[in-house]
Structures are given as C-alpha cells and as structure tokens.
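Report on the structure
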Amino acid sequence: MEKMARVTTALGGNTITGRTMFCHLDAPANAISVCRDAAQVVVAGRNIFKIYSIEEDQFLEKLNLRFGRKPSLNFSCADVVWHQMDENLLATAATNGVVVTWNLGKPSRNKQDQLFTEHKRTVNKVCFHPTEVYMLLSGSQDGYMKCFDLRKKDSVSTFSGQSESVRDVQFSIRDYFTFAATFENGNVQLWDIRRPDRYERMFTAHNGPVFCCDWHPEDRGWLATGGRDKMVKVWDMNTNRAKEIYCVQTIASVARVKWRPECKHHIATCSMMVDHNIYVWDVRRPYIPSAMFEEHKDVTTGIVWRHLHDPYFLLSGSKDSTLYQHIFKDASQPIDRANPEGLCYSLFGDLAFAAKESLISSDSNRKPYIGDRRHPIFFKRKLDPTEQFEYISSSSALSVFETDIESGSMDWFVRTAKQYALAGRPLAELCDHNAKVAKELDRNQVAQTWTMIRIIYSSPGTMPSTNLNHSMGKSSSNLPLMNSFNLKDIAPGIGNESRLERNKGENRVENILMDSSSSLINNDENEETEGSDVPADYFLGDVEGDEDELYMMDHENPHAEEQEYILPQEAFPLRHEIVDNPSALDHLQDKADSPHVSGNEAETVSLTPVESFSLISISHSLYDNRLPPDFFNPIVRDMLLFYAEQGDVQMAASVLIVLGDRIRREIDEQTQEHWYTSYVDLLQRFQLWNISNEVIKLSTCRTINCLNQASTTLHINCSNCKRPMSNKGWICDRCRQCASMCAVCHHVVKGLFVWCQGCSHGGHLQHIMKWLETSSHCPTGCGHLCEYT
Amino acid sequence: MIVAGSDCRSSCSCAGLKDYFPGENCGTLRNNEDRGIKIPRQLGRGPSSFIPVEEILKEGAESAPRRLFIEAFVSTGRVDNIIIVLGLHPEYLSCFWKTQYLLLRMDGPLPYHKRHYIAIMAAARHQCSYLVGFHMGEFLQAGGDPEWLQGLHCAPQKLRNLNEINKILAHRPWLITKEHIEALLKTGENSWSLAELIQALVLLTHYHSLASFVFGCGVNPEIDQEGGHAFWPPSPRSCDSSPASDDGVNSSNGKDAMQEVEVLMERMKLLQECQLEEEGVTQEEMETRFELEKTESLLVAPSVDIAEHTLPPNVLCFVEDPEFSYKDFMRRGEQAPPTFRAQDYTWEDHGYSLINRLYPDVGQLLDKKFQVVYNLTYNTIAMHHGVDTSMLRRAIWNYVHCVFGIRYDDYDYGEVNQLLELSLKIYIKTVDCYPERATKRMYTRFWRHFKHSEKVHINLLLLEARMQAALLYALRAITRYMT
C-alpha cells in the first residue's frame, strides 16, 4: 500500500478514525465480531480467543479469554458474536457442539458465563437477537437450531431442519420474530421464533451448501445468501415466493457475505478456499467487484463492518493469523484496471467498437468513417438518480463499421481451404495441386511459393515445365530489389546460416530495380545460368502497396471441379491410435544423396526473406549437387513467418502440414501452435468443420492434436420416448428399447448414424439419404418434416 | 447433419455375459466344446469367495441393479465382479459407477492409458492382483506401451515420480506434505500440472480403497484372469470353491451370535438415551478417549501369523519399497504428527471447493458418492427392522478416520468402544490398513448374524471413509502448497 489514507467520520457523537493496519495473531482466526461502540473486536479460532481494542494506529490486545494449561475444546471456536445491545455479552460456538456465553463484566479471570451442551455436532453459527438482550440462536451440524434464553439453563425451543446440517442462522433486523437459516443441501428456511414446529417458508437457493446469509440492514425484504456454487444471491422476501433479484458470480465458494452499511446495493464477500481477497460488490454490476482488499495471504474467514453506520471501515480475520482493518480509500478498484473499450472484427471485415458513451460523444466532430454504413447502435442504462455513492457510468455505445463488400470478401479463403490438398499424396503432387488452386484464384504469389517449395524439397527432374512460368509480371509497380546474392558464391558444402548471413552482407552492393517486363535477374556472377534452355526464373516481390491485386478474386471463372457428394472423412480415429512421427532425418538424407541428372538445367530461385525486399538467386545446378534441402530451411521458415505476418495464416499452416517434418524443427512449437489455432479458429468461424478437423488431425503439434480428443460427448435423445439418454450405449433406460434403430430398415445401427434433431429419428446414413430423395417426411411416419442441415 | 460413429466395443467377454444371465448357457460355447476346443472353467463360484453366490445373484433381481449392469456392460464390455457385488446396493453402485467412468473414460487432463497405469500402481501397493491384472488389460486396450508393464522402472519418469505419494497415500497419508506436491509440480521436463495431479490423486485414492474393498469382500478373479480359470474338470471334492456350505451360522454358536445382535441393539438404545443425560464427561476425558482409541488401534493390529504370501512377480514389479506399510503413528518414542482436526479441513467446505476448481466434474460426483454412502441405510440390523443405524454408521466412519489420525471434535470416541466389538475392529483395521491380509475368517467372525449385504455395506463405508481420509490429507497438502 503506497499511501495510507486516514479517514475520520463523525457518527452522531463518537468519531471513528484510523488507517489500514493489521496485527499478527498467534493462531488462525475462524471468526471475528465487533463491539457495538466499534472500538473493540473479538477474534476467535481453534487456538485463539482474544479481544483487541482498535486504536488509531494499531490493534491492542486487551483480553485473552483463553487460558489454562490445557484449554478444553469449549474454547475451540467455530463462530463468535458480540451482542449489539450489551457490550459485556459474547457468545461462541464450539467445534464440539457446545454453545458458550461470556460475560466480560465478571470480576474473575474466567469470564465464561453459561454452557449449553445441547447440540450433538459442531455448532456452525450463533446469533444474538438484534433487540432482545437475552435471546440467542444457534445452528448446528446436527440439523437443529436452538433458541436460548440466557436467563435459563436450557434452550427455550428447538427447530428441526430435517436432519440437514445448518450452516448459518440470522435474525431478521426488522421483523422481530423472523430468522433465516441456511442448509448444507442448498435450502434456505424462514422461521417464526414462536412456532418451532414448522418453518414458515423454504426455498432452494443454491446448488450445494449455503454457507452464509445476511439480511439487508435497511430494506426489510432483502436477504443475501452465498454458497459453495460460487454465487451470491439477493432474494426479495416480500413477495409470496422468494424472488431472486440479483446474482453475483464469484470465482470461489462464498464463505461470508455482509451488506455494506449505508450503501443500499453494496455487499462484501470473502471465500472459503483458494481466493484470499475480500470483495465489495455493487450487486447491480455483478461482473466486476467495485472494490477489492488484497492484503490477506490465506483465506479470509471473517469479515465485519466496523460500525453499523459507517461504510468505510472493514475488519477481517484470516487463516494467515492476521487481523486487518481495511479502509475503503485504500481498496483497489478493479474497474480502474479494466479496459472499458471493446473492439472486434467480424469474419468479413466488419468492425464493431464499443466504448463509454462519453468517449464517443465527445468526439462528435470526427470525420465519419467511409465504411460506416450501419447506424451505430447504442446501449444505455438508466441510473438510479438517488444513488449517493460513487457514481458509476455504465452507459456505453456500440458502433459497427462495415467494410467494403468487395475488398472484404473472404471467398478466396474458403475456396482455398476447401481445395487445398494437405496429405495423402507425394509432396510434389501436393505442391502442384495447391499451386494450381492458388493460381485459379489469382493468387500468384502463393502459387509461386508452392511451386518453389516443390522445387526445394522434391526432386526437380519430374517437374513439369508449365508450372515454371509464373511470375509476378502483373504487378504494375516496380519492385525495388534491395538485396540480392547468388548462392554460387558459397563454397560447396557450406550450408550454415552464419555463412549465409555474411554473404547477404557482402552482396548488398547490388540494388536492382526491376520493371514489370523483366523476367530475369542476372547478376554479374550469374553467367552460368545463361546456358539454360528453360527460362525458369522465379522471383517473389513483396507487393505491399498492391494488396488489392493480390487478393482480387476471379469472379468470372466458376469452379473447375464440382464438389462431389462424398462422405466426409472422419477427422478423428474411432479409437486412439498411436501416431508415430517418424524422424524426418533419414528421409531428408535420401533426398540429398540422390544423384541428379539434369545438370545443365538451371533455375534461379528467388525468395523474399521477410524483413526486406531481398531476392536470393539460386542456381539450380549447384543446388543439385551440393545443397541438401535443409539448406533452405531458414529461408522457408522466413517465408512462412512472412505469410503469417501478412495475415495469411492459412498459407503458413498449410505449408507446415505439407512439409511436415521437413520444416517442423525450424519453427518453435509455440509459433506453430499459434498458427494452427488461428487457422482452425478461422476455419470454424467459416463453419468449415471438416477441414478444420482435418487440419487438427494432420497437425504435428501435440497440443493441437489433442483438440479433437476433448469434449467428444454427444447428447442424444431416445428415438422412442424422446427423452434424453442419460446412460451410455444404445439402450434407453426409460423405455428399455434400443435407441439407435434405423427408421428405414428397422435394424440396429452400428457405425455411422444420422438423425434428425427435431424428432430424434434417424438411421443408417445411406438409408436416410435414399429416403430423403423421395420424401421429406420422417420415415417413421411421425409426421415430422425432417431437416438435415 | 449429425453423424456419429457409435463405436461398438466388441470385446465382450463371455464371463460377463454368463454372470449376467446366470441361467443361460452360451450356445456357441457348447458347439466349441463339441469341436474339441478346450473351454476354460471358472474357478471359484460367484463373484466373491466370502459371499455365497445365491446371496448376490438372486433370481429376478430388481430392476435397479439390472439396469446398472446393462449400462456397465454396454459401456465397458463386461460386468466385473466388483460391480456385481456392489449390485447389492444399487443406490451406491450408480454413483460409484459414474465416478469411476468419469475417472477412467471421460475427458480429463490425463491420457487414458496413463490413468490405467496409475490404477495399476495404486492397486499394486496393496498387492491386489485382481485390480492390477484387470487394469493391465485395460491399459493395453487404451493403447498403452506394453513395455511399461514390465515394471515401474520401464514407465516414464513422470509416472515414476508419482510413486512417492502413491506409497504415502496408500499407507500413511498423514505424512504427505506440501513439499511432496511442490516436487511434483516444479517446472521441468517431467512436471505435473495441477489438474493432472488432482486427477492422479483421485485415481490413486480411489484404487487404494477399492483394493480394500476387493480384499474385504473377497472378490474372485475374473474368468479371463490368471487364477480365475482352470482347464481341468471340477473335482467333486473341492468344496472350498462353494463358500456357502461352511459359511452359515452353526447351530452351536448361533445363540451367541443372536445375543451379539441383541447386545448391540441394547447398547445403541442406551447410548441414545445417555446422550441426553450424560454431562458429567469432562472435556479432558473426551480428549483422552480419542487418544485412547488411536493408541488402542495398535492392539487391534491384525495377527501377523498369516504367512506372508508370495507375490506374483507381475504385481511386485510395480512396487518400490514394498516394506513401507501402515504404521501406527502413536508408537512410543516417536514424534507423533499433530492430529488432523476434521473441522478445520472438511470435505464439504474445503475439499470440495478445491477439487471443484481444479477438476470440476469429479468434485460433484465424489460429493454425491460420499453423501450417498454416509446416508445409506435400510433401517435394518440383522433380523431387526426399523432401526436407526446412523449411530453405528457414524461410529464406523469415525473409527476409520481415527485410524488415519483424523479427529472430530464433536464426537465422543467412547461410542466406538461401545458399538464396535473387537473382531469388527480387527476387520476394519485390516481391511483399511493391510487389506492384503484380510481373510475369510475375519470376515465371518464379526457380527456373525448380520446379512451379507450388510457386511458389504460396512465395506462400502470402509472404502469411502478411507478414500475421503486420504483425499483430505492430499488436498490439504495442495491447499498449503497453493497459499
């Protein structure tokens, strides 16, 4: 805490001052409670029972109520409460089921007053009546609540919660006779203190135990409950049925809830496990706590507002053996750290932007964005004008900007994804196929890349010459060539990167400007290529200024091949198979060793490393003899990085799959994973499920591979009784019939099963397909117009 | 269009089929026999060697266990003997089955074969060849590397690292500390993630206590397991395979047994009444009663006269440091670890909250399972009906926890002494701490007049109480690690 606030509030006579401070206790605390005058606090736990006075700068130990050499279990407190009417009166609930009252006014050292040993199990909670001095209520694990009159030796009345453990009991602040009890099974009961035979009302508030509840100090009908299901709920009890009016989702089970004094909608919570912070929520803003105290290092077990009418001081005890006083001014406010603006791209390039209204309206004279076709949508929420504390501006505006339909079209992506071949054929064929696909979509650069990958990684002898004549000639702009070097410079056999790097530097002399007609770049050293009879020269330029052309669609040309109706390939094996990733090394070795025949055939390959417009010219003849494909790995890697950087993650992922082990080791796992997840995400947003599954299956990344092994559960309905099938297998546990019967042939379906989501009927895929050719009604005759999407 | 591959597990064993349809004979088997193919014969009658088969497989069994058997068969291809014995308590079986199914076959942080391997490791600690053999098969079916089955030394380092807490959790769970957790989670090549570790811990404790159940109920090996079948024809004299014969209460000690039940009933009534009056007990006395029970459990240690039966090597190879076993933590001269106070770390509040955060679905199921077993009752004791058995169940539950050093502040451990006779205490201690030493004699000697289903009920309590105790220690260590 960098600066400690010192706060003084005047509350009708007595003033409260203080700062954020703490003191060490000797043992973990289980519960704390304050005296009516807000000057003393009692801390109770298994091995501690002390009273501290709250001074301005520190806690001072005033009294140790736990004494004796071997303190009995009666001192092992699960809960403690200080009477709000009588400042000498305390009550504790012991873990062994005893309820003890203490009278501080006693002259002797032992302040123990009464001992009630009526409960058989641990007492979880004790509570004094807010206005009646002698009335004490307890709730225990044994399922009973007992009301004690402190003037008598035994309990006055016993309330049975039907053998469910009681976790909390609280007297209503306004209704003299009413108290609320919460239970381990999720129920909340309301009782009238005069009628021990039956509860007035019961409702299920939570899933799992309800650990705590608190009546609103002002609003008589409001009850807040917190449960193991990580929720804080506010119930309006004024109506006949308890109505949930607010619900706050926290991150851990809720151990305590306490309404903040003088703030109608604020409530403080702490959790049972895992999370050590104390949160103060505005129940109307359930997604972000309005304040947070992060001092404790173990779970907070008790929270209490220091004074009934002061909203700025909060005391807390914790398992980490500390007692804290928190000042509201020192609280951290998560809202300050939250980003109030949201921005999101749609698939088709539309942009949605949400921000605080004030931000947008203040900028009213900004130039309207050209693409802003749709009228901005505004969400607003009316604020309660009577709200006195911390005005929260929660109105925000959302605007959507549409992009140009032409430029934003992602057709190419879908088509490419559908047509690319990623596996199942030799590398050369895959590359050729993919190059062709790219070419058809007028994506020349991509096509070139595929072709070059083929040249690099597969034997060039089989290369059809037609594919070699692509060039970036269409580009109307001149491409500056910053860096060019010829690999022939490199001494044979040297293929390491450092050498390459050095060569780059040395050869930086040539800066060749290239016009659109030029198809060949020749350096001075490039003479040997002149003898080649195949004019196969490649270069790739970065056409940054020319993106439109790059992504332009060929709208006239329809698809060359119609998609056949084929069964989609199952993207995951029905059983887990052990996939061996054979080492790529021997494979590469083979390639490198294979003798090359066409010595005089020379190609020059130019590639662009990502950082600059550089060209690398490679003489093919040399590569044939000396250079293993590994040599090009850094270049290919750079190329992939380049594509990914450009936003074409499709290319990066596809090449990664096609090349597989040849390139895998060059790129670190994280990057690969990032590419795969991005690509899979994109595919799924375009609803290309099969392709995305194929990509997942083919990826060599372990984390990606696991994706289609997660959440493989299908929820199905029985085709007979139409109720959900809860058990595994084919037999419905309700109607005892085999659920997966084919509606056409009336046989049990094993294997591919297709069914209508409307009527739950279905059967063999082929049978249903055949049936649907002639009729659109369900084959069972149930009259449903089946829809198979 | 939804297309699902409903994967049929074809590996249905005939044993499962025959068990399920006790009256029917597989026609195909007959045919094979005619053709001269040797058909193995099941050794041991029925699913348990302690319980006569008629007790378990009643004709026209109620629909509840029947449905659960179908479910088990359909989803795993067999109805194993454990499931059949558990069928005596269908309410429990359904949550047991769901939990085990989730642990082994549903989405989870650990790959499937490793889950089975962990089960093997856990069961091997108690030399439970039934579970080890069973999961060796499952391990291979899940695509595990057969090499690993040669022993723990062939398994990957990551799994071997688990051995330490496996050992501790199996025998002395109170020794587990946050350092153990830290060692497993510290980053490195073979480190565990927290979610994986939680699943592993649940698996370990589940199989430790399931081993207790297997021994406690004398579950017979499956027909396809070693020792579960033989090829020679049944000799007419081998009566030992039919446990029903000598098991019934002999007329001679029948009276004693009757008296036992009466005495127990009497004591329960007395205790119930006393509870309201007895206030003279000082806190100190309560304190000592727990300590007494704890130390007394020393005396209850089972007789070691049973010859250490030699272990099949295929089980032993999964065990390192086989000498490590349950040790009464109150031996003189040793620093006793502090007693675990049940109220300070309860399953309902703390255990559940933690597990639910790290491995959500299993928390719910375990919670349900503990609840069901703790509250399960038919209000019968031997031949008496309409009895409130909660006191008895609580005594057993708390005694198990006491054996593992967990103390309830709000429980008077004097009750344990009143309600649980020595032979039962011996049985409880043996089953929970040295399950491999449980014998049929122990099983028959306590509460001789009780029904078999009631004895199985007791075993369920032992199973779950033991699991919860170990889990609480483990989760507390994780909580301490996290804070």
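Structure first, text after, so check above.
The notes below deal with the structure included here. Keep in mind it's a predicted model, so treat the numbers as computed, not measured.

As for the overall build of chain B
Of regular secondary structure, chain B possesses 23 helices and seven strands. A burial count over chain B gives 55% of its 483 residues as buried. Put simply, 78% of the contacts in chain B that link residues at least 6 apart link residues at least 24 apart. Split by element, the accessible area of chain B, about 20,400 Å² in all, is 52% carbon and sulfur.

Side note on the sheet that holds strand 22 (residues 231–236) of chain A
In any sheet, the strands associate via hydrogen bonds between backbone groups, in a parallel or an antiparallel arrangement. Residue and element names in this part refer to chain A. Taking strand neighbours across the sheet as the criterion, the four strands line up as 20-21-22-23 in an open arrangement whose pairing is antiparallel. The open sheet is flanked by strand 20 (210–215) and strand 23 (243–249), the only strands paired with a single partner. Between one strand axis and the next, the sheet turns through 20° on average, direction left out of account. Where strand 22 meets strand 23, six bridges bridge the pair, whose relative direction is antiparallel. Bridge pairing links Lys 233 to Cys 247 in strand 23.

Here's the deal with the side chain of Asn 81 of chain B
With respect to the secondary-structure elements, Asn 81 of chain B resides in helix 5 (residues 81–86). One polar contact links the side chain of Asn 81 of chain B to the main-chain carbonyl oxygen of Asn 220 of chain B, over a distance of 2.7 Å.

Quick notes on the pairing of strand 22 of chain A
Residues and elements named next belong to chain A. Burial analysis of strand 22 places six of its six residues in the buried class, the great majority of the element. Across the two faces of strand 22 the burial is the same, with Met 231, Lys 233 and Trp 235 and Val 232, Val 234 and Asp 236 all buried. Strand direction decides the pairing type here: strand 21 (residues 222–227) and strand 22, joined by five bridges, are antiparallel. When the sheet's bridge partners are listed, Ala 224 is paired in strand 22 with Val 234. Hairpin remark: strand 21 followed by strand 22, antiparallel, with three residues in the connecting loop; positive phi at Lys 230, about 70°.

Quick look at the nonpolar core
Within the largest apolar cluster, 161 residues are counted, with the highest numbers of intra-cluster contacts made by Tyr 117, Leu 131, Leu 162 and Phe 213 of chain B. It is helix 23 (residues 452–482) of chain B that contributes the most residues to this core, 17 residues altogether. Taken together, domain 1 (1–88) and domain 2 (273–306 + 325–482) of chain B each give at least three residues to this core, which thus spans both. With residues near it in sequence (within four places) discarded, Leu 162 of chain B still touches Ile 118, Met 121, Leu 184, Trp 192, Leu 197, Ala 200 and Leu 204 of chain B. Residues Leu 430, Val 636, Met 651 and Leu 688 of chain A belong to the second largest nonpolar core, which totals 54 residues.

Some points on the side chain of Arg 125 of chain B
Within the secondary structure layout, Arg 125 of chain B lies in helix 7 (residues 112–125). Residues within four places of Arg 125 of chain B in sequence aside, it is in contact with Asn 166, Lys 167, Ala 170, His 171, His 208, Val 319, Glu 320, Asp 321, Pro 322 and Phe 324 of chain B.

Here's the deal with the environment of Asn 705 of chain A
Residues and elements named next belong to chain A. If you trace the backbone, Asn 705 turns up in helix 16 (residues 702–705). Along the primary structure Asn 705 and Val 695 are separated by 10 residues, whereas in three dimensions their C-alpha atoms are 9.1 Å apart. With residues near it in sequence (within four places) discarded, Asn 705 still touches Ile 696, Lys 697, Ser 699 and Thr 700.

Describing the sheet that holds strand 25 (residues 266–271) of chain A
Residues and elements named next belong to chain A. Taken together, four strands build an open sheet; the order of strands is 24-25-26-27 and the sheet is antiparallel. If you trace the sheet from one side to the other, it starts and ends with strand 24 (254–259) and strand 27 (291–293), each paired once. Adjacent strand axes in the sheet meet at a mean angle of 20° when their direction is disregarded.

Comments concerning the environment of Ile 478 of chain B
Residues and elements named next belong to chain B. With respect to the element layout, Ile 478 can be found in helix 23. Since its relative accessible area comes to 0%, Ile 478 is described here as buried. Expressed as a C-alpha distance, the spacing of Ile 478 and Ile 181, which sit 297 residues apart in the sequence, is 6.4 Å.

Points about the pattern of salt bridges
When charged atoms on two side chains of opposite charge get close, those side chains can pair. Per the stated rule, a full pass over the model turns up 29 salt bridges over all chains. Salt-bridge contacts for Arg 36 of chain A lead to Glu 87 of chain A; the nearest nitrogen and oxygen are separated by 3.6 Å. Of this pair, Arg 36 of chain A sits in the loop between strand 4 (31–34) and strand 5 (40–44) while Glu 87 of chain A sits in the loop between strand 8 (77–82) and strand 9 (89–94), placing them 51 residues apart in sequence. Of the charged contacts in the structure, one is a salt bridge between Arg 194 of chain A and Asp 192 of chain A, with a shortest N-O distance of 2.7 Å. The exposure class assigned to Arg 194 of chain A is exposed, which follows from its relative accessible area of 53%. Through salt bridges with shared partners, a single network forms among Arg 46 of chain A together with Arg 341, Asp 344 and Asp 409 of chain B.

Section: the packing of aromatic side chains
Summed over the entire model, instances satisfying the criterion amount to 39 aromatic pairs over all chains. Relative to Tyr 443 of chain B, the ring of Tyr 427 of chain B lies with its centre 6.3 Å away and its plane at 65°, an arrangement referred to as edge-to-face. Highlighted residues: Tyr 427 of chain B in helix 21 (residues 422–433) and Tyr 443 of chain B in helix 22 (residues 440–445), separated in sequence by 16 residues. Here Tyr 443 of chain B falls in the buried class, since its relative accessible area comes to 0%. Here a set of aromatic residues connected by ring pairs shows up, and it is made of Phe 50, Tyr 427, Tyr 443, Phe 446, Trp 447 and Phe 450 of chain B. The lysine or arginine in question, Arg 260 of chain A, covers the ring of Phe 328 of chain A, its NZ or CZ lying 3.5 Å from the ring centre. The ring of Tyr 434 of chain B has Arg 437 of chain B lying over it, and the distance from NZ or CZ to the ring centre is 4.3 Å.

The rules behind the values
- Residues numbered from 1 in each chain as written.
- Chains lettered and ligands numbered in written order.
- Predicted model: local features only at pLDDT ≥ 70, side-chain atom pairs only at ≥ 80, totals over all residues.
- Heavy atoms only, no water.
- Helix = DSSP H or I, 4+ residues; strand = E, 2+ residues; numbered from the N terminus.
- Buried < 20%, exposed > 50% of the residue type's maximum accessible area, 1.4 Å probe, protein only.
- Contact = heavy atoms within 4.5 Å.
- Areas by Shrake-Rupley, 256 points an atom, 1.4 Å probe, with all protein chains shown as cover.
- Pairing = 2+ DSSP bridges.
- Axes fitted to C-alpha atoms, helices over the stretch in contact; angles between N-to-C directions.
- Polar contact = N/O pair within 3.5 Å; in protein donor to acceptor, adjacent residues only side chain to side chain.
- Core = buried A, V, L, I, M, F, W, Y, C linked by side-chain atoms within 4.5 Å.
- Domains from an automatic or database assignment.
- Salt bridge = Lys/Arg side-chain N within 4 Å of Asp/Glu carboxyl O.
- Phe/Tyr/Trp six-rings, centres within 6.5 Å; stacked < 30°, edge-to-face > 60°.
- Lys NZ or Arg CZ within 6 Å of the ring centre and 35° of its normal.

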